[in-house]
Amino acid sequence: MKRIQTIAAACEPFLRNRYLKIGVLLVLCTLLLSGAAAVSVRAGLASQQEPGYLISGRLEDPQGQPVSEADISARLPGQSEPLAEAVSHEDGSWELLLPGIPERPLTIEISRPHFNPHFLNIGMADLRQVQDSGLWLGVIELERHISAGFWVATAVFLAVLLLIAFEVLHSTTAALAGFSTIFLVSYIGGAINPNLYIFSFERGLSYINWEVIFLVMGMMVVIAIIEGTGIFQWMAFQAYRLSRGKSWLLVLILMLITAVASALLDNFTTMLLMTPISLQIALAVGINPLALIIPEVLASNVGGISTLVGTPTNILIGAYAGIGFNDFLINQTLGVIIALVGMGAFVLYYYRKEFSKRSGGISPRLYQKLESNARIERADALWKSAVVFGLVLIGFVLGERVHLVPAVPAMAGATLLLIWLKPDIHKMIKAVDWTTLVFFMALFIVVGAIQEVGLISIAAAGMGRLIGQNLPLGVFVVVFGVGTLSTAIANIPLTASMLPIVNFLSGSIPGASSNVLYYALSMGAAMGGNGLLIGGEANLVTAGITQQTSSPISFKEFLKIGLPVTYLTLGVGFLWLLIRF
Amino acid sequence: MKNRILCPTRGGKASYANQDRAIALAKEREADLLFLYVSNVKFLGLTSRPFIVDIETELDEMGEFILIMAQERAEKAGVQTEITVERGVFDKVLKAVIQEQKISTVVLGSSKEGTGITTEAYVQKLGETISQELGVEFIVLRDGEIQKVFNQ
């Protein structure tokens, strides 16, 4: 007791500091969670050591993809009660534990919605093997059953895509309509005609990738705090100062700033804050503001590709394929830099007349106004959020060593900022883009439905036949196919639908297990956003701000530079992936 | 009472000739010149993305910068000016400022390529309406040249 009191007394000065208190609390929570995890693992191991006789195997669909959640039961002929039951795991594997060895042959029945039932007879010789060493039945291919539910899920998915593409409904409303239809048909329709059944509510929820939801949520809070500090405007002004009136240098620095900011934060916010100050700088330098702003938005769309958190599509890809922050940095960043260099060269050529103009300089009054418009608003919040953001990045980089999913450092960073800066919590919760998060959740379920009924497998097999065993062709098709579609179609639903297809191709094309096709998807989805003005929200909001001046970005003006840049960067990205992998 | 000229502007090269014409007119008529910038964040409706940053203030600051540039052009020509930044729907704000500031003449340029909201057809219609409703002179410009004058 005396010893505890001594320790408490020694710790008292440290515990008086509230930040240390928070730190101590966080460490204690981590230790408690680790302890709980260790206990649960031990409990899990203990539960696996039940006595019995093992029959195991693995289930695959006709495209070689694992079949999970299939019901497997062992029965004796003429008996309704099964001897043993099991459910297949995520990787398609299953294990049946017989309580004893029966004296007559038994039948194993495998059933799952959207597959024909499969029966296996286990004879006496096999049962002897079960008794001796257990029986491994190998890979069992289940035959697909194209049910009415297949056509309903397919029609719903296509309807959602069309409603989004033609802007009949808001993307979130369209996805929610798809979500509701699938479950209504599954439950009400399924009760009338079992062929209409798609999946259960629980099974549908299992398709929601919560890692994506929490990572996006955490990053949104962190970004919301950083965006209010004035850092973007300050950086743009520093670019103006550094360039000393040389507009070609100014545009390159601004492109670099927007690319890096988009890679670490978010290109929508970056452009929202960079555009007004860039317009002022362009007027100060005496060039067409579009010669600065269009290159900025193009760079922001490409810059995000280099990190896991740079674009929502990268977050989707990373969470689905288990590609971490470091993987994106190692495998994408250099390619993105090369693409940006190519883009920079094209921009300098395209706007060569504008950039050849010499700036006459601005009056001290205008300079002062520009400087004041670009001031750091909240220095205190800036350095605190910089510290936390640095910790989040460290969490992303080092967390992979302990299998820490990126959502955890992002949420921890957001929480730490909320504790440290004490912003209005209601305001911060409003800063989270719930519309997008709900869209993600509903979309995951709609895509899950077509995955469940087998459409994705069929589409993937078709694509597999088209591409064959040719990996460079596969990379080409994904980069340019997705890139072209992304110019007009919202890239989030496109990416979400492509993920299972890319997963199949990654498993079937030799050499594709390196995840190269996922990187191709990431590049295509983001670079395609530069093709048309409607290709991304950042493009639209930038155009909206320029409409407040006499230099608005028109659809045609954007297309003239955006489309060549799109195919230039897609080409660079494709070549980079061929070299890298 | 001294004449008061209002020149709504959005800055940039395309508007310099129109600003110069308004400055020349103010000098010629020995009138007061008021430059106006109107921002409208309706475009944010194109996205459902939330943000806590005050984009209206950012646009106000941009507008003020644009108007200071116009003011400096006028000062070089020896004309003293006032500037005002407003938010809202352009024609409504314009009418309100005309009444509040007791404006006698409005000088407004139309977009050359028909981009933005100030297309020639829009500006001419606006000029006609405002001139009739508020009894002010409304001069429509294109590249600094007078296209039409509405005077009740």
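The rules behind the values
- Residues numbered from 1 in each chain as written.
- Chains lettered and ligands numbered in written order.
- Predicted model: local features only at pLDDT ≥ 70, side-chain atom pairs only at ≥ 80, totals over all residues.
- Heavy atoms only, no water.
- Contact = heavy atoms within 4.5 Å.
- Buried area = accessible area lost by both parts, 1.4 Å probe.
- Salt bridge = Lys/Arg side-chain N within 4 Å of Asp/Glu carboxyl O.
- Helix = DSSP H or I, 4+ residues; strand = E, 2+ residues; numbered from the N terminus.
- Polar contact = N/O pair within 3.5 Å; in protein donor to acceptor, adjacent residues only side chain to side chain.
- Buried < 20%, exposed > 50% of the residue type's maximum accessible area, 1.4 Å probe, protein only.
- Pairing = 2+ DSSP bridges.
- pLDDT = per-residue confidence, 0-100.
- Axes fitted to C-alpha atoms, helices over the stretch in contact; angles between N-to-C directions.
- Phe/Tyr/Trp six-rings, centres within 6.5 Å; stacked < 30°, edge-to-face > 60°.
- Lys NZ or Arg CZ within 6 Å of the ring centre and 35° of its normal.
- Parallel < 35°, antiparallel > 145°, perpendicular 65-115°, else oblique.
- Nonpolar A, V, L, I, M, F, W, Y, C, P; charged D, E, K, R; others polar.

### So, the interface of chain B and chain A
Alright, step 1. With 36 residues of chain B at the interface, the matching set in chain A holds 40 residues.
Alright, step 2. Buried surface at the junction of chain B and chain A, both sides included, amounts to about 3400 Å², of which 62% is carbon and sulfur.
Alright, step 3. Where chain B touches chain A, the interface holds two salt bridges.
Alright, step 4. With a shortest N-O distance of 3.5 Å, E61 of chain B and R375 of chain A are connected by a salt bridge.

### Examining the side chain of S68 of chain A
Residues and elements named next belong to chain A.
Alright, step 1. Secondary-structure assignment places S68 in the loop between strand 1 (53-60) and strand 2 (71-75).
Alright, step 2. Of note is the side chain of S68, whose polar atom sits 3.5 Å from the side chain of R203.
Alright, step 3. If near-sequence neighbours (up to four positions away) are discounted, S68 is found in contact with S88, H89, E90, R112 and R203.

### Focus on the side chain of S278 of chain A
Residues and elements named next belong to chain A.
Alright, step 1. Structurally, S278 is set in helix 10 (residues 267-285).
Alright, step 2. In this structure S278 comes out as buried when scored by relative accessible area, which is 0%.
Alright, step 3. Each residue touching S278, except ones within four places of it in the same chain, is listed here: L254, L292, I293 and E296.

### Topic: the pairing of strand 6 (residues 118-122) of chain A
Residue and element names in this part refer to chain A.
Alright, step 1. Relative to strand 6, strand 5 (residues 106-111) runs antiparallel, the two sharing five bridges. Across the sheet, the residue bridging to T107 is N121, located in strand 6.
Alright, step 2. In this structure, the hairpin formed by strand 5 and strand 6 is closed by a connection of six residues, where H114 is found at a positive phi of approximately 75°.

### Describing the confidence of the model for chain B
Residue and element names in this part refer to chain B.
Alright, step 1. Looking at chain B, pLDDT values average 88 and 93% of them are 70 or higher.
Alright, step 2. Here strand 6 (residues 145-150) stands out as the element of chain B with the lowest mean pLDDT, 89, in contrast to strand 3 (residues 81-87), whose mean of 95 is the highest.
Alright, step 3. In the predicted complex, the global pTM is 0.81; the interface-specific ipTM is 0.89.

### Quick notes on the sheet that holds strand 1 of chain A
Residues and elements named next belong to chain A.
Alright, step 1. Here we have three strands laid out as an open sheet, ordered 4-1-7, and mixed in their pairing. Each having just a single partner strand, strand 4 (93-98) and strand 7 (135-141) make up the two edges of the open sheet. Taking each pair of neighbouring strands and ignoring which way they run, the sheet shows an average axis angle of 20°.
Alright, step 2. As paired elements, strand 1 and strand 7 share five bridges and run parallel to each other. Bridging across to strand 7, L59 finds its partner in I140.

### What about the packing of aromatic side chains?
To describe a pair of aromatic rings, you give the distance between the ring centres and the angle between the ring planes.
All names here are of chain A.
Alright, step 1. Within this structure, the stated rule accounts for 23 aromatic pairs over all chains.
Alright, step 2. A centroid spacing of 6.0 Å and a plane angle of 25° characterise the contact between F346 and Y350, whose relative ring orientation is stacked. Linking F346 with Y350, this pair stays in helix 13 (residues 325-350), spanning four residues, or about one helical turn.
Alright, step 3. Judged by relative accessible area, F346 falls into the partly exposed class, the value being 23%.
Alright, step 4. Three or more aromatic residues link up through ring pairs in this structure, and these residues are F179, F183, F199, F201 and Y207.
Alright, step 5. When the ring centre of F581 is taken as origin, the NZ or CZ atom of R580, which lies over that ring, is 5.7 Å away.

### Some thoughts on the environment of N314 of chain A
All names here are of chain A.
Alright, step 1. The residue N314 is located in helix 12 (residues 312-321) in this model.
Alright, step 2. Separated by 207 residues in the primary sequence, N314 and L521 place their C-alpha atoms 9.0 Å from one another.
Alright, step 3. Here N314 is in contact with G304, I305, S306, T307, L308, F328 and S522, once residues within four sequence places are set aside.

### Quick look at the pattern of salt bridges
Alright, step 1. Tallied over the full model, the rule gives 19 salt bridges over all chains.
Alright, step 2. Between E60 of chain A and R58 of chain A there is a salt bridge, with its nearest N and O atoms 2.4 Å apart.
Alright, step 3. Residue classification places R58 of chain A among the partly exposed residues on the basis of a relative accessible area of 23%.
Alright, step 4. Linking E133 of chain B and K95 of chain B is a salt bridge whose minimum nitrogen-to-oxygen distance equals 3.3 Å.

### A few points about unusual backbone geometry
All names here are of chain A.
Alright, step 1. Of note in this structure, E69 is not a glycine but carries a positive phi near 60°.
Alright, step 2. For E69, a relative accessible area of 38% puts it in the partly exposed group.
Alright, step 3. Positive phi, close to 50°, is recorded for R244, a residue that is not glycine.
Alright, step 4. Of note, R244 is situated in the loop between helix 8 (231-243) and helix 9 (247-264).
Alright, step 5. Owing to a relative accessible area of 69%, R244 belongs among the exposed residues under this scheme.

### A look at the packing of helix 7 (residues 210-227) of chain A against helix 19 (residues 434-453) of chain A
All names here are of chain A.
Alright, step 1. The interhelical angle for the contact between helix 7 and helix 19, taken along N-to-C directions, is 170°, at an axis separation of 10 Å. As judged from the angle between their axes, helix 7 and helix 19 are roughly antiparallel. Only W434, L437, F440, M441 and F444 of helix 19 make contact with helix 7, whose side of the interface consists of W210, V212, I213, V216 and M217.
Alright, step 2. Of the residues contributing to the contact of helix 7 with helix 19, the split by class is 10 nonpolar, no polar and no charged.

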